[in-house]
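# Secondary and tertiary structure notes
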Amino acid sequence: MTAFLKLLFRNRLAAMGAVVLTAILILVLITPLLPLQNPDATATADRFKRPFTEGYLLGTDHLGRDLASRLLHGTRLSLAVGVVAALIAATIGSAIGIVAGYFGGRTDNIIMRGVDMLMAFPYILLALAIVAALGPGLMNALIAVAAVNVPFFARNIRGITVGLAGREFIDAARLAGMGHTRIILTELLPNVLPVIIIAMSTTVGWMILETAGLSFLGLGSQPPQADLGSMLGEARSALISHPHTSIVPGIMIFLIVMSINLLGDGVRDALDPRLRSGALSRPRATTLVERAGDIPAATDDLLAIQNLETQFHVGKRIYRAVGGVSLAVKPGECLGVIGESGSGKSVTALSVMGLVASPPGVITGGAVRFQGEDLIGAPYESLRRKRGDRVAYIFQDPLSTLHPLYRVGEQLAEAIRSHHKLGKAEGRARAVQLLKDVRIPNAESRIDDYPHEMSGGMRQRVGIAMALANEPDVIIADEPTTALDVTVQAQILSLLDDLRRERGLAIIFITHDFGVVAQLCDRVAVMYAGRIVEEGPTRAVLDAPAHPYTRRLIACVPELGGGRRALAAIPGLPPAVDDLPSGCAFAPRCDKARESCRAGDIPLAGTHPRAVRCLYPEEAV
Ligand code: ADP
Ligand code: MG
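Cut-offs and rules
- Residues numbered from 1 in each chain as written.
- Chains lettered and ligands numbered in written order.
- Predicted model: local features only at pLDDT ≥ 70, side-chain atom pairs only at ≥ 80, totals over all residues.
- Heavy atoms only, no water.
- Helix = DSSP H or I, 4+ residues; strand = E, 2+ residues; numbered from the N terminus.
- Rg over C-alpha atoms; globule rule 2.2 N^0.38 Å.
- Buried < 20%, exposed > 50% of the residue type's maximum accessible area, 1.4 Å probe, protein only.
- Contact = heavy atoms within 4.5 Å.
- Areas by Shrake-Rupley, 256 points an atom, 1.4 Å probe, with all protein chains shown as cover.
- Lys, Arg positive; Asp, Glu negative; His and termini not counted.
- Charge placed at Lys NZ, Arg CZ, Asp CG, Glu CD.
- Core = buried A, V, L, I, M, F, W, Y, C linked by side-chain atoms within 4.5 Å.
- Near = heavy atom within 4 Å.
- Polar contact = N/O pair within 3.5 Å; in protein donor to acceptor, adjacent residues only side chain to side chain.
- Nonpolar A, V, L, I, M, F, W, Y, C, P; charged D, E, K, R; others polar.
- Axes fitted to C-alpha atoms, helices over the stretch in contact; angles between N-to-C directions.
- Parallel < 35°, antiparallel > 145°, perpendicular 65-115°, else oblique.
- Left-handed = near helix turned anticlockwise from the far one by under 90°.
- Pairing = 2+ DSSP bridges.
- Disulfide = S-S within 2.5 Å.
- Patch = residues over 30% accessible without salt bridge, like charges linked within 9 Å, V, L, I, M, F, W, Y side chains within 5 Å.
- Salt bridge = Lys/Arg side-chain N within 4 Å of Asp/Glu carboxyl O.
- 1 Å grid on protein atoms, 1.4 Å probe; cavity = no way out; pocket = protein on both sides within 12 Å on 5 of 7 lines; lining within 4 Å.
- Points joined across faces, edges and corners; volume = space filled by probe spheres on them.
- Phe/Tyr/Trp six-rings, centres within 6.5 Å; stacked < 30°, edge-to-face > 60°.

Broken down by element type, the protein carries 22 helices and 12 strands. Taken over the C-alpha trace, the protein has a radius of gyration of 34 Å; the compact-globule value for 621 residues is 25 Å, which it surpasses by more than 25%. Relative to its 621 residues, the protein shows a buried fraction of 47%. When contacts within the protein are restricted to residue pairs at least 6 apart in sequence, those whose partners lie at least 24 apart make up 68%. Counting only carbon and sulfur atoms, one obtains 61% of the accessible surface of the protein, whose full area is about 30,100 Å². The distance from the centre of the 61 positive side-chain charges to the centre of the 57 negative ones in the protein is 2 Å.

Listed below in structure tokens is the structure:
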């Protein structure tokens, strides 16, 4: 709640709206206590007094009634009617929307066609027709305004509910034996409530205006009762001769509607969790770079990550996700990067092409060189040309990276087309060839499948085909087989292995599984809390792990046919990267840690390509 308010008031306009609206609300709440004249008492002798005359702060109207008193009482009435109308419309509309969206099928069809019929009329006309049928009066105006706004809520909420009704947690509730009413009240309602509140906060201003409109036409509040609309209506005839009678209620309507809308927009932004960490701004096209210190010199590697530091700046906190990582690959080489989740593997990978979201991501040091050229801080256009064309990514979950509404063939052709000119027939032929390359059977017919028509393993193959589409030099694979079963994983691994042998691809393979590393990688780097703690040729590291962390990671892997052996879990958790201990980050979990381990920075020591960041390694390197 306090986080919500903080975010809301960071938005200046919303804060202004809140202040104005609160002032108005306080005024109308204490109106009965104020020493005001009777708003309906006429005094013909005092007609059209100007504002600030003796006894009349805001002057008088055509019947000599005190404008200040009428204004406050009128505002009270207008606000009450507008808010009640909004509540009624939101309740009825949301109920209709939830029922239609949850039950779907014929219920949905019948209800929504009824709503469509209401929507077919211009809504001020519809309101007029309802008041005409019910007779003029404030109550009837309220009913009319509420009625014409029901479809707006019904449509919005139905849309949200349809999306939610198919989700797993609703299925789980059904399996648990909950009835429809319970599911709607305890599962759906809490999820749509923020949307209802947002829709209300952005429409209540409109409803106040609409009620005022009906009163202005004489269909709402009846004389002598004042509301803002009827005050404006009565002042109309004296608009030129005595403008203050219109200006006073006019300004009040303006203030109310403006403040409610500004506040409503603020509430909408603050309630959207996606905007929360990003401080209400859109992510940039490439990661923000604020490098201090020296930029490492070029090497002859194909892709070299040099002393890379990537941080997340959230408010005053600094998360050191990657704290000085160096990795390099040559053509045809496969480098494994291994570590527990949260050790900074993905952030390292995404930093290469400037894909870490900013805000909050910032690259604060080091370089990433592709064929010697530094990519950190390179112009967006140069990065864009290399993304997917020279350096391609494969992600863990192919269902979330493939567009659900396009056929896979079209998406493959599209991936090529964003870098190279390609005709339609040619694109199709290329897509078929790519699917064949990744060993998808019946590629010619599979090409017209949608992503949801494929199995997980198939989709991951499409993900690999997509990465191969432009014949890149480097593929960065971020846990590509984590979501797959072992047989499919083995097929995908051997596929990647063939591809790098056939095409001289360099692969950076991120995983948390030593088995996978052993199968595929020439070299391996072990990451912990954003730094590399050990690296070397795969066999050497597996046979003689030097860092206590690596040894314990390997001990966590069960061996088939290796007899019974107690699996040793590593006690404790990786440290939070916004509060790293000084010295070795693994020391708190290490059974060999001594005082000196906690004293200061520990360098990565050894003879290339073997290195370890430990003062008391298990093996000499
Ligand atoms: P993994 O090794 O599992 O791929 P990541 O690279 O995704 O780990 O994350 C590394 C660290 O960065 C984690 O500790 C995570 O909490 C932190 N992190 C990632 N994204 C953000 C973010 N947007 N804001 C703050 N911290 C983040
Ligand atoms: Mg990850």
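Our focus in this paragraph is the nonpolar core. With 61 residues, the main nonpolar core has L435, I464, L468, F509 and Y549 as its most contacted residues. Here F509 is in contact with C334, L335, G336, V337, A477, P480, T481, L493, L496, V516, L520 and C521, once residues within four sequence places are set aside. One finds L67, I184, I208 and L214 within the second-largest nonpolar core, a separate group that totals 57 residues.

Here the focus is the site of ligand 1. Near ligand 1 there are 13 residues, and of these G342, G344, K345, S346 and V347 occur at the shortest range. G344 has a polar backbone atom sitting 3.1 Å from an oxygen atom of ligand 1. One of the backbone N or O atoms of V347 is found 2.9 Å from an oxygen atom in ligand 1. With the chains in place, 68% of the 560 Å² that ligand 1 exposes on its own is no longer accessible. At the level of secondary structure, the elements contributing two or more residues to the shell around ligand 1 comprise β3 (317-329) and α12 (345-352). Broken down by element, the shell around ligand 1 gets its largest block of residues, 3 residues, from α12. Here the shell around ligand 1 is built from residues that sort into 6 nonpolar, 5 polar and 2 charged.

A few words on the packing of helix α4 (residues 105-119) against helix α6 (residues 138-165). Two elements in contact, α4 and α6, have axes separated by 9 Å at closest approach and are oriented at 140°. Here α4 lies oblique to α6, going by the angle between them. Judged by the twist between their axes, the crossing of α4 over α6 is left-handed. From α4, D108, M112, R113, V115, D116, L118 and M119 reach across to α6, where they touch A147, P151, A154, R155 and R158. Of the residues contributing to the contact of α4 with α6, the split by class is 7 nonpolar, no polar and 5 charged.

The two faces of a sheet get side chains in turn, since along a regular strand they alternate between them. Burial runs high along strand β8 (residues 474-478): 5 of the 5 residues are buried. Burial of β8 is two-sided: the residues V474, I476 and D478 facing one way and the residues I475 and A477 facing the other way are all buried. Pairing geometry for strand β7 (residues 391-394) and β8, over 4 bridges, is parallel. Opposite A392, over in β8, you have I475 as the bridge partner. As judged from the 5 bridges shared by β8 and strand β9 (residues 506-511), these two strands associate in the parallel manner. By the bridge assignment, V474 is partnered in β9 with A506.

Counting through the fold element by element, P331 comes out in the loop between β3 and β4 (334-338). When its relative accessible area of 58% is taken as the criterion, P331 is described as exposed. Beyond its immediate chain neighbours, meaning those up to four positions away, P331 contacts L302, G504 and A506.

This brings us to the packing of helix α3 (residues 67-103) against α4. In contact at an axis separation of 7 Å, α3 and α4 are set at 145° when each is read in the N-to-C sense. For the crossing formed where α3 meets α4, the hand is left-handed. Contacts between α3 and α4 pair I96, V99, A100 and F103 from the former with G105, T107, D108, I111, M112 and V115 from the latter.

Time to look at the state of the cysteines. For the coordinates displayed, the defined rule picks out 0 disulfides. Unpaired in terms of disulfides, C584 finds its nearest cysteine sulfur in C597, a separation of 6.1 Å. For C597, a relative accessible area of 8% gives the class buried.

We now examine the environment of V83. Of note, V83 is situated in helix α3. Judged by relative accessible area, which is 37%, V83 ranks as partly exposed. Measuring from C-alpha to C-alpha, the distance between V83 and P480 comes to 53 Å, with 397 residues separating the pair along the chain.

Further remarks concern the sheet that holds β4. Read from one edge to the other, the open sheet built from 7 strands follows the order β7-β8-β9-β4-β10-β11-β12, with strand pairing classed as mixed. In the strand order of this sheet, the two ends are held by β7 and β12 (611-612), each with one partner. Across 6 bridges, the pairing between strand β10 (residues 523-528) and strand β11 (residues 531-537) is antiparallel. Along β11, the bridge assignment pairs V524 with G536. Docked against the sheet, helix α22 (residues 548-555) engages β10 and β11, running at close to 105° with respect to β10.

What follows covers a nonpolar patch on the surface. On the surface, a cluster of nonpolar side chains totalling about 500 Å² of accessible area is made up of I26, L27, L29, I30 and L33. Following the sequence through the fold, I30 ends up in helix α2 (residues 12-30). Residue classification places I30 among the partly exposed residues on the basis of a relative accessible area of 32%.

The next subject is the side chain of K345. Residue position: K345 is located in helix α12. When its relative accessible area of 4% is taken as the criterion, K345 is described as buried. Residues in contact with K345, not counting those within four places in the same chain, are V337, I338, G339, E340, E479, I510, T511 and M527.

Moving on, we come to the layout of surface pockets. In this structure, the largest pocket encloses a volume near 670 Å³. The wall of the largest pocket is formed by 25 residues, among which G388, Y393, T401, A415 and M466 lie closest to the centre. Of all the secondary structure elements, the ones that give two or more residues to the lining of the largest pocket are β7, α15 (408-417) and α18 (456-468). Counted by class, the lining of the largest pocket contains 12 nonpolar, 9 polar and 4 charged residues.

On to the packing of aromatic side chains. Under the counting rule described, the total for this entry stands at 6 aromatic pairs. Look at F152 and F153: their rings are 5.4 Å apart centre to centre, the planes differ by 85°, and that puts the pair in the edge-to-face class. Classification of F152 as partly exposed rests on a relative accessible area of 33%. Centroid distance Y528 to F586: 5.2 Å. Interplanar angle 85°. Geometry classified as edge-to-face.

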